[in-house]
Amino acid sequence: MKLDLSGRVALVTGGGRGIGRAVALALATAGASVTVNFHTSATAAEETVAAVRAAGGTAHLAQADVADAQQVDALVRELLANHKRLDILVNNAGITRDALLMRMKDEEFDQVLHTNLRGVFVCTRAVLRQMSKQRSGRIINIASVIGQLGNVGQANYAAAKAGILGFTKTTAREMASRGITANAVAPGFIETEMTATLGEETRQTILARIPLARFAQPAEVANLVCFLASDAAAYITGQTINVDGGMVME
Ligand code: NAP
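- An unreviewed UniProt entry lists the protein under the name 3-oxoacyl-[acyl-carrier-protein] reductase, from Candidatus Viridilinea halotolerans.
- Comment text from UniProt for the protein, heading Pathway (unreviewed entry), reads "Lipid metabolism; fatty acid biosynthesis."

Right under this line is the structure:
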């Protein structure tokens, strides 16, 4: 199956590095024109855009904090002024502030909920009017197995990621009549800066819980995102699909 996204316009939040970079590259390689959002990592985002262009694709940079409605609305206004349409939103931006529950500070809880959950709400709301007008759209939210399983030291992150699953189902129900689908992708453990800080002992403990016995590459998440963004996935909405080496089996 060849996925063709030519003529489509995509916005990837946190697209400068990690999974977001792989998603931006994959969407652009399939033919989409991709806006790469970043917050603090301008150089990494510039490298992503350069990599897309070197591969023959089209990409643009756009700075915004995903949880800041003014910044996000301005970004979407500018994107629409340039491209006249918006077909794909990938809500990928995310952070961790790990601490055991008894020691977790208010700020650690709030920061993670703010970026990882409010950010998804703010960005989704910002694109719905245009997608409704088009009577088509694809919203793909990057959740996590941690939202399904919980994890020691990640109450904030697990709550935000579980929240994304309910948010995705509601988006799917509210927007189905407008031809807009919404799905969540739940990665397991992926080789990015987010997991690079794990100690060797933790890594081994995690590996023991993964049937495929390895961490994934960001491109393996991007492949699923590309599929969900394509016409081939037109009848899939409100779902959570795992890319986790078999960690979660329903
Ligand atoms: P990463 O390498 O740490 O990258 C995080 C990305 O999020 C960066 O591009 C960062 O942009 C962006 N970001 C953070 N706060 C932002 C904000 N306020 N506004 C806009 N962008 C913001 O992480 P990753 O591993 O690629 O993770 C990407 C997504 O996958 C996250 O939602 C994460 O929770 C999820 N996930 C990751 C794994 C994993 O094993 N790595 C597993 C499950 C789910 P700047 O650098 O420009 O700030």
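Regarding the overall build of the protein
Reasoning step 1: The helix and strand tally for the protein stands at 9 helices and 7 strands.
Reasoning step 2: Expected size for 250 residues packed as a compact globule is a radius of gyration near 18 Å; at 17 Å, the protein falls within 12% of this value.
Reasoning step 3: The principal-axis extent of the C-alpha atoms belonging to the protein is close to 50 × 40 × 35 Å.
Reasoning step 4: Taken across its 250 residues, the protein has 50% of its residues classed as buried.
Reasoning step 5: When contacts within the protein are restricted to residue pairs at least 6 apart in sequence, long-range pairs at least 24 apart make up 74% of them.
Reasoning step 6: Summed over its atoms, the accessible surface of the protein is roughly 12,000 Å², and 52% of this surface lies on carbon and sulfur atoms.
Reasoning step 7: Separation of charge centres in the protein, based on 24 positive and 22 negative side chains, amounts to 8 Å.

Here's the deal with the UniProt feature "domain: Ketoreductase" (unreviewed entry) in the protein
Reasoning step 1: Taken from the UniProt record, the annotation "domain: Ketoreductase" (unreviewed entry) applies to residues 8–193.
Reasoning step 2: End C-alpha atoms of residues 8–193 are separated by 29 Å, and the span's content is 51% helix alongside 18% strand.

Let's talk about the pairing of strand E6 (residues 180–187)
In summary, the side chains of a regular strand alternate between the two faces of the sheet.
Reasoning step 1: Counting buried positions along E6 yields 8 of 8 residues, so the element is predominantly enclosed.
Reasoning step 2: Two strands pair when backbone bridges link them, and strand E5 (residues 137–142) and E6 are joined in this way by 6 bridges, in the parallel orientation. When the sheet's bridge partners are listed, Ile 139 is paired in E6 with Ala 182.
Reasoning step 3: Note that E6 and strand E7 (residues 240–243) share 4 bridges and pair parallel. Pairing of Val 185 across the sheet is with Ile 241, part of E7.

Examining the environment of Asp 87
Reasoning step 1: Locating Asp 87 in the fold gives a position in the loop between helix H3 (69–83) and strand E4 (88–91).
Reasoning step 2: Given the relative accessible area of 6%, Asp 87 is considered buried.
Reasoning step 3: Setting aside residues up to four positions removed in sequence, Asp 87 forms contacts with Gly 7, Arg 8, Val 9, Met 131, Gln 134, Ser 136, Gly 137 and Arg 138.
Reasoning step 4: Of note is the side chain of Asp 87, whose polar atom sits 2.6 Å from the side chain of Arg 85.

What to know about the packing of aromatic side chains
Reasoning step 1: According to the stated counting rule, one finds 2 aromatic pairs in the structure shown.
Reasoning step 2: Look at Phe 121 and Phe 167: their rings are 6.5 Å apart centre to centre, the planes differ by 85°, and that puts the pair in the edge-to-face class. Of this pair, Phe 121 sits in helix H4 (residues 106–134) while Phe 167 sits in helix H6 (residues 155–175), placing them 46 residues apart in sequence.
Reasoning step 3: Pairing Phe 189 with Phe 215 gives two aromatic rings, centres 5.5 Å apart and planes at 35°, and the pair type is tilted. Of this pair, Phe 189 sits in the loop between E6 and helix H7 (193–196) while Phe 215 sits in the loop between helix H8 (200–207) and helix H9 (218–229), and the two are 26 residues apart along the sequence.
Reasoning step 4: On the accessibility criterion, Phe 189 (13% relative accessible area) is buried.

What counts and how
- The written sequence of each chain sets the order in which its residues are numbered from 1.
- Only residues with pLDDT of at least 70 are given local features in this predicted model, and only at 80 or more are side-chain atom pairs given and counted; all residues enter the totals for whole chains, interfaces and linings.
- Calculation of side-chain values draws on the structure's entire complement of heavy atoms; hydrogens and water are dropped beforehand.
- UniProt positions are given in the numbering used here, feature names are shortened, and annotations may be inferred rather than shown by experiment.
- A run of H or I in DSSP counts as a helix once it spans at least four residues, and a run of E counts as a strand once it spans at least two, with each numbered from the N terminus.
- Computation of the radius of gyration draws on C-alpha atoms, with the globule rule given as 2.2 Å multiplied by the number of residues to the power 0.38.
- Partly exposed describes any residue whose relative accessible area lies between the buried limit of under 20% and the exposed limit of over 50%, with all areas from a 1.4 Å probe on protein chains only and scaled to the type maximum.
- By definition in these notes, contact holds between two residues if any of their heavy atoms fall within 4.5 Å.
- Note that accessible areas follow from Shrake-Rupley with a 1.4 Å probe, and for residues the cover is restricted to the protein chains shown.
- Positive charges are assigned to Lys and Arg, negative charges to Asp and Glu, while His and the chain termini are left out of the count.
- Where a charge lies is defined by one atom per residue type, namely NZ (Lys), CZ (Arg), CG (Asp) and CD (Glu).
- We treat two strands as partners when DSSP finds at least two bridges between them.
- In protein, a polar contact means a hydrogen-donor-capable atom and an acceptor-capable atom, both N or O and within 3.5 Å, with residues adjacent in sequence counting only if both atoms are side-chain atoms; elsewhere, any N or O pair within 3.5 Å suffices.
- Side-chain rings of Phe, Tyr and Trp, where Trp is taken by its six-membered ring, are said to pair if the distance between their centres is within 6.5 Å; with planes under 30 degrees apart they count as stacked, over 60 as edge-to-face, and otherwise as tilted.

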